[in-house]
Amino acid sequence: MTRSSKRPRRLEYMGAMAAGLAHEVKNPLSTMTVNLQLLAEDFATPQSQVEERTLRRAHLLLGEVKRLDGIVNDFLELARGYEIQPETVDLELLITDLLRFVEPENERLGIRARSLLAADARLVLADPKFLRVALNNLVVNAQQAMAEEGGELLLETRVRGRLVEVRVTDTGPGIPPDKLEQIFMPFWSNKQGGTGLGLPMTRRIVEELGGEILVQSELGRGTRFVLSVPKLPDQLPPATPDPTAEGPGAAERNGGNPA
Ligand SMILES: Nc1ncnc2c1ncn2[C@@H]1O[C@H](COP(=O)(O)OP(=O)(O)OP(=O)(O)O)[C@@H](O)[C@H]1O
Ligand SMILES: [Mg+2]
């Protein structure tokens, strides 16, 4: 009893420590950004090779500091949880817009993108900003998986019970079966320049929205991520009062649904 109750407290402690560390890192990072910007301004019109090199290095460091700051922000958000504000979201608009946004990169990489959107799966209860981040993470992963040989990217929606599924399928190299759980661990990445925060963020967002995320993959054939979010409850026609009825009417239409 005493042994098992220590573990969650230890995890909580580690989480607070990691978040505190990340927070502390942010101040020096912003000092570095300001000073590197000033340095770059001083050498904006280089008069010699040394000055030119200095300017190049200042820009390189600015890029790295920006990357670090982005990682720290993602990490802090992931550690704290997201402030999700669910509202009615039109998935068709969101997916069409997302595909339009990633089209130039698809073209560059030789990826053909398609969508198959079910009419009855159009409206969901979600936070549009975070749902877009979650879907974008999956689409970017699919693009990166197909970056070498091109391929096909398919986005589908369909209703499953009280949820709507969004399936993101690629024809990339696939994920080895023994890695299928690990890919959701923070900082697990096999990409150069990858941070390994995309999938843990996506999972956390989806779970906070009341849905789930699953992955299916076959080596050499491709990968499918299935993300689901609550479907907007069907609109019932306005109740017409029944003059013969007595007592309270059907009050709990939606009883049992978590808020
Ligand atoms: N569609 C996919 N096909 C093949 N492997 C994938 C796919 N999606 C994710 N993975 C694997 O899962 C790992 C973790 O993905 P995740 O999005 O969390 O991090 P990342 O893409 O490496 O970095 P980041 O998203 O932080 O830039 C990837 O490095 C990759 O090995
Ligand atoms: Mg990623």
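Just above, that's the structure.
Residues numbered from 1 in each chain as written. Chains lettered and ligands numbered in written order. Predicted model: local features only at pLDDT ≥ 70, side-chain atom pairs only at ≥ 80, totals over all residues. Heavy atoms only, no water.

(A) How the structure looks around the pattern of salt bridges. In total, this model carries 14 salt bridges according to the counting rule given. R203 is paired through a salt bridge with E181; the nearest N and O atoms lie 3.6 Å apart. Within this pair, whereas R203 is found in helix α5 (residues 198-208), its partner E181 is found in the loop between β5 (163-170) and α5, the two being separated by 22 residues in sequence. Take R203: its relative accessible area is 24%, and that puts it in the partly exposed class. (Salt bridge = Lys/Arg side-chain N within 4 Å of Asp/Glu carboxyl O. Helix = DSSP H or I, 4+ residues; strand = E, 2+ residues; numbered from the N terminus. Buried < 20%, exposed > 50% of the residue type's maximum accessible area, 1.4 Å probe, protein only.)

(B) Molecular detail of the nonpolar core. Core analysis: the largest hydrophobic core is formed by 52 residues, its most contacted members being V124, L131, L135, L153, F225 and L227. Of the residues that make up this core, three or more belong to each of domain 1 (2-80) and domain 2 (87-230). Not counting residues up to four positions away in its chain, the partners in contact with F225 are L138, V166, R167, V168, I175, I183, F184, L199, I213, L214 and V215. (Core = buried A, V, L, I, M, F, W, Y, C linked by side-chain atoms within 4.5 Å. Domains from an automatic or database assignment. Contact = heavy atoms within 4.5 Å.)

(C) Quick look at the sheet that holds strand β6 (residues 212-218). Strand order in the open sheet formed by five strands is β2-β4-β5-β7-β6, and the pairing between neighbours is mixed. Every other strand in the sheet has two partners, leaving β2 (111-117) and β6 as the edge strands with one partner each. Sheet twist, expressed as the mean angle between neighbouring strand axes with direction ignored, is 15°. The pairing of β2 with strand β4 (residues 151-160) spans seven bridges and is parallel. For I111, the partnering residue across the bridge sits in β4 and is G151. (Pairing = 2+ DSSP bridges. Axes fitted to C-alpha atoms, helices over the stretch in contact; angles between N-to-C directions.)

(D) Fine view of the site of ligand 1. Around ligand 1, the structure places 19 residues, and the nearest of them are D170, S189, N190, K191 and L199. G196 places a main-chain nitrogen or oxygen 2.9 Å from an oxygen atom of ligand 1. Contact between ligand 1 and L199: an oxygen atom at 2.8 Å from a main-chain N or O atom of the residue. Here ligand 1, which alone exposes 600 Å², has 88% of that area covered by the protein. Of all the cavities here, the one that holds ligand 1 is the largest pocket. Secondary-structure elements contributing two or more residues to the shell around ligand 1 are α4 (128-145), α5 and β7 (222-230). For the shell around ligand 1, a count of residues per class yields eight nonpolar, nine polar and two charged. (Near = heavy atom within 4 Å. Polar contact = N/O pair within 3.5 Å; in protein donor to acceptor, adjacent residues only side chain to side chain. Areas by Shrake-Rupley, 256 points an atom, 1.4 Å probe, with all protein chains shown as cover. 1 Å grid on protein atoms, 1.4 Å probe; cavity = no way out; pocket = protein on both sides within 12 Å on 5 of 7 lines; lining within 4 Å. Sits in = over half its atoms within 2 Å of the grid points. Nonpolar A, V, L, I, M, F, W, Y, C, P; charged D, E, K, R; others polar.)

(E) The layout of surface pockets, seen in detail. If you add up the space inside the largest pocket, you get close to 1,300 Å³. N141, Q144, S189, N190 and K191 are, among the 44 residues lining the largest pocket, the residues nearest its centre. Every element with two or more residues in the lining of the largest pocket is listed here: α2 (49-80), α4, α5 and β7. Element by element, the count of residues in the lining of the largest pocket is highest for α4, at eight residues. Its residues assigned to classes, the lining of the largest pocket comprises 18 nonpolar, 18 polar and eight charged. Here the lining of the largest pocket spans two domains, and each of domain 1 (2-80) and domain 2 (87-230) adds at least three residues to it. (Points joined across faces, edges and corners; volume = space filled by probe spheres on them.)

(F) How the structure looks around helix α3 (residues 91-109). Between the first and last C-alpha of α3 there are 25 Å, a value that for 19 residues agrees with the 27 Å anticipated at 1.5 Å per step. The sharpest bend along α3 measures roughly 50° and falls at E103, with the proline P104 sitting one to four residues further on. Buried within α3 we find L91, L94, I95, L98, L99, V102, N106 and L109. Where α3 is buried, its residues meet β1 (87-90), β2, β3 (123-126), α4, β4 and β5. The distance from a side-chain oxygen at the start of α3 to the backbone nitrogen of E92 is 3.0 Å, and the residue carrying that oxygen is D90. Positive backbone phi, at 70°, marks G110, one or two positions downstream of α3. (Expected span 1.5 Å × (residues − 1). Bend = angle between axes of the 7 residues up to and from the residue.)

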